[in-house]
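# Survey of secondary and tertiary structure
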Amino acid sequence: MTRYITCISGKGGVGKSTTSINLGAAFTYFGKDTTVVDANLTTPNVGVHLGVPIVPINLNHALQGKNHISEAVYLHPVGTKIVPAGISINEMKNTNPGNLRRVLRGLLGTTDLVLIDSAAGLGREALLAIESGDEILIVTNPELPAITDALKTIKVAEELGKKVTGVVLTRTKEERGDLSVKNIEIMLDKKVVGEIPEDESIREALIMKDVVVYTHPKSNAAVSYKKLAAALLNREYEEEIEEGTFKKLLRKLKLVR
Ligand SMILES: Nc1ncnc2c1ncn2[C@@H]1O[C@H](COP(=O)(O)OP(=O)(O)O)[C@@H](O)[C@H]1O
Ligand SMILES: [Mg+2]
């Protein structure tokens with residue numbers, strides 16, 4: 001049975017695409033056949049994040065009825081399958097995303113998980129991405145404006161009859177001004193299923209056009225994405241996060257255990 005999970009946020013730039021590709025790679029790490037779909041048709045960037053070359057057949061062609069969705073699936077070197085969207089303005093203009101859900105059902109039985117990376121906001125594209133998923137993952141930063149938008153998104157998803165699986169907090173920092181997990185859970189009335197810290201490795205992986213789960217497997221972000229994948233798969237997972245130089249020094253000096 002194929003699980004369809006939509007990553008959505010409300011606010012833009014919170015880390016949806018980063019989460020879609022890294023969670024996808026983490027599912028692959030746990031042996032799950034995973035397909036990440038770039039359903040952000042107006043500003044697609046899964047392919048850009050991963051350095052997928054301009055491919056002959058993409059999601060737009062499937063939405064236009066020119067090709068079957070299975071023809072738009074590309075294998076990333078880490079083993080995760082990717083369905084990129086067309087990046088040209090003409091392709092976008094000629095595409096009616098209204099049949100997204102039906103087109104994506106064409107992947108049924110070909111893969112264990114379909115992760116749908118959505119556009120921000122609550123416009124038509126985002127609504128179609130919500131409609132195309134069976135489970136909704138809310139991606140947000142732990143800041144009030146992002147949480148307010150996340151709340152709206154949850155309400156809309158639930159009005160559409162969707163199950164909101166939980167909230168993924170991204171770019172968390174131990175800073176004043178960030179809301180606590182407990183407060184966020186109370187405000188959104190949803191469980192925080194993953195916390196991805198602000199991590200320089202994400203930017204380094206982006207420069208390498210790759211996923212942090214493979215480029216920096218012991219980084220805080222990679223381990224957090226693997227923990228999130230394990231939680232969504234109902235599996236146990238415990239991996240040591242690589243220690244910073246300072247912590248290593250303290251340990252050497254026997255100042256920490
Ligand atoms: N945990 C993180 N640590 C540092 N930078 C991050 C993290 N998550 C995302 N980013 C950066 O934030 C920016 C926006 O992320 P992106 O995934 O494109 O957001 P969205 O898809 O929601 O618009 C990107 O430059 C990305 O590299
Ligand atoms: Mg994005």
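Here, the structure is the one placed above.
Bear in mind that the values here come from a model prediction, so they are computed numbers and not experimental data. (Residues numbered from 1 in each chain as written. Chains lettered and ligands numbered in written order. Predicted model: local features only at pLDDT ≥ 70, side-chain atom pairs only at ≥ 80, totals over all residues. Heavy atoms only, no water.)

### Quick notes on the nonpolar core
Our working definition: For our purposes a nonpolar core is just a set of buried Ala, Val, Leu, Ile, Met, Phe, Trp, Tyr and Cys residues, chained together by side-chain atoms within 4.5 Å. Any residue under 20% of the maximum accessible area for its type is buried, any over 50% is exposed, and the rest in between are partly exposed; the area is computed with a 1.4 Å probe on protein chains only. For the purposes of this entry, the term helix denotes a DSSP run of H or I that reaches at least four residues, the term strand denotes a run of E that reaches at least two, and both are numbered from the N terminus. Only heavy atoms matter for contacts: two residues are in contact if any of them lie within 4.5 Å across the pair.
Ranked by internal contacts, the top residues of the largest apolar core, which has 36 residues, are Leu 23, Phe 27, Leu 50, Leu 115 and Leu 137. No other element matches helix H11 (residues 220-232), which puts seven residues into this core. Leaving out residues up to four positions away in the same chain, Phe 27 has contacts with Ile 5, Lys 32, Thr 34, Leu 113, Leu 115, Ala 229, Leu 232 and Leu 233.

### A short note on the site of ligand 1
This is how it is decided: If a single non-hydrogen atom of a residue is within 4 Å of a molecule or strand, that residue counts as near it. For the purposes of these results, a polar contact is taken to be a pair of N or O atoms within 3.5 Å, where, inside protein, one atom must be able to donate a hydrogen and its partner to accept one; residues adjacent in sequence count only when each atom of the pair is a side-chain atom. Surface accessibility in these figures is a Shrake-Rupley result with a 1.4 Å probe; residues are shielded only by whichever protein chains are displayed. Following the grouping adopted for this structure description, the nonpolar residues are Ala, Val, Leu, Ile, Met, Phe, Trp, Tyr, Cys and Pro, the charged ones are Asp, Glu, Lys and Arg, and the polar ones are all others, Gly among them.
Contacts to ligand 1 come from 14 residues, most closely from Lys 16, Ser 17, Thr 18, Arg 171 and Asp 199. Gly 15 places a polar main-chain atom, nitrogen or oxygen, 3.0 Å from an oxygen atom of ligand 1. The separation between a nitrogen atom of ligand 1 and a polar main-chain atom of Asp 199 is 2.9 Å. Considered on its own, ligand 1 offers 560 Å² of accessible surface; in the complex 81% of this is hidden by protein. At the level of secondary structure, the elements contributing two or more residues to the shell around ligand 1 comprise helix H1 (16-29), strand E8 (192-197) and helix H9 (200-207). Broken down by element, the shell around ligand 1 gets its largest block of residues, three residues, from H1. Among the residues making up the shell around ligand 1, the classes are represented as five nonpolar, five polar and four charged.

### Points about unusual backbone geometry
Phi is mostly negative for residues that are not glycine, and the peptide bonds are mostly trans. Phi angles above zero are rare outside glycine, and Asp 189 is one such case at about 55 degrees. Secondary-structure assignment places Asp 189 in the loop between helix H8 (181-188) and E8. Judged by relative accessible area, which is 61%, Asp 189 ranks as exposed. In this structure, Asn 234 is a non-glycine residue whose phi angle is positive, near 55 degrees. Its place among the elements puts Asn 234 in the loop between H11 and helix H12 (245-252).

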